[in-house]
Amino acid sequence: MYENEDTTVSRYDLLVVGSANADLVVGVERRPAAGETVLGSDLAVHPGGKGANQAVAAARLGARTALLARVGDDAHGRLLLESQRAAGVDTGGVLVGGAPTGVALITVDPSGDNSIVVSPGANARLTPADVRAAAPLLSAARVVSVQLEIPLDTVAETARGLAPGARLVLNPSPPAPLPAEVLAACDPLVVNEHEARFILGDGAGATPELWARELTELGPRSVVVTLGAAGALVADTRGGGSVHVPSPAVEAVDTTGAGDAFTAALAWRLGLGEELPDAAAFAVRVGAAAVTKKGAQASFPTAEEVSAR
């Protein structure tokens, strides 16, 4: 059943269809190699998951945001619902039950880099039928953002269910082969270097500019390649070639969730009608702000905090 069946559907700036996980985080001096054991800090539990992260990030910036996801009927699920409501996200589309809440096991080293292993749990039970049942949510959203921590056929159903004129933003993480119909709906496809190389395969070019061009040739209407501290590269099939958007210099504390903050900010600004380079310029500032604090959702800035930087 839906967590809140009697919610009144209104017009949303952003609907996120995706995962909701409990992040179990341990700090380490260095991440272990194969077969190696290292000691770490005390375990910290935070609300996370790429879908839930994006919803919170967008809502904190001021976007009218809804989440379509599935969590377990357990303590981790309650933690996730509480964090969404606290940020102002509409949780009427969150389904409860079917499996335990998804869990992400995260190690973070002193440089802020992380390694993540995800147990999907309830995320793997978010089905195409759930998307079809949530048609009023999709019809009310200007932009829909999806990731790949939910089943690929659910992502494809989301692409098919877009309202006329709505925009699909896809971050293919963790990377997987994408059907042509999903690629064709992306506007933009948002990838980092690893995801770009996975999608392009052995024939991938040597530079982000080539990746962006080669990715657009696969069908997306636009592509954004995130470059970490170097910012992002955007390319649009409607003209303008590729544009590099630099990032402000910051001292990174923890990169967990920074990509989600970037994607949420990008999706929101595109929904407001901004051109892709302008939306990306705002998004890199949001991502840069997010890496200056520990945790995922706890690090996401407000619009005022972004402006102050």
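Preceding this paragraph is the structure being described.
Chemist: Explain the sheet that holds strand β13 (residues 242–245) to me, and be specific about the residues and the numbers.
Modeler: Strands sit in the order β5-β4-β1-β8-β9-β10-β11-β12-β13 across an open sheet of 9 strands; the sheet is mixed. The open sheet is flanked by β5 (90–96) and β13, the only strands paired with a single partner. In this sheet, adjacent strand axes meet at a mean angle of 15° when their direction is disregarded. Of the strand pairs in this sheet, strand β9 (residues 167–171) and strand β10 (residues 186–191) are connected by 2 bridges, and their pairing is parallel. Residue pairing for β10: L168 is matched across the bridge by C186. The sheet contacts of helix α2 (residues 75–87) involve β4 (65–71) and β5, and relative to β5 the element is tilted by about 170°. With respect to the sheet, helix α5 (residues 152–160) is in contact with β1 (12–17), β8 (141–147) and β9, its orientation differing from that of β8 by roughly 165°.

Chemist: Describe the packing of helix α1 (residues 50–61) against α2, naming the residues involved and giving the relevant values.
Modeler: Each pair of packed helices can be described by the angle between their axes along with the distance between the axes. Close contact between α1 and α2 brings their axes to 8 Å; oriented N to C, the two are set at 20°. Comparing the axis directions of α1 and α2 gives the class roughly parallel. Two packed elements cross with a definite hand, and for α1 against α2 that hand is left-handed. Residues A52, A55, V56, A59 and R60 of α1 touch α2, and the partners they reach there are S83, Q84 and A87. Residue composition of the contact of α1 with α2, by class: 5 nonpolar, 2 polar and 1 charged.

What counts as what
Residues numbered from 1 in each chain as written. Predicted model: local features only at pLDDT ≥ 70, side-chain atom pairs only at ≥ 80, totals over all residues. Heavy atoms only, no water. Pairing = 2+ DSSP bridges. Helix = DSSP H or I, 4+ residues; strand = E, 2+ residues; numbered from the N terminus. Axes fitted to C-alpha atoms, helices over the stretch in contact; angles between N-to-C directions. Contact = heavy atoms within 4.5 Å. Parallel < 35°, antiparallel > 145°, perpendicular 65-115°, else oblique. Left-handed = near helix turned anticlockwise from the far one by under 90°. Nonpolar A, V, L, I, M, F, W, Y, C, P; charged D, E, K, R; others polar.

Read these as layout, nothing more, since geometry by itself doesn't imply function.
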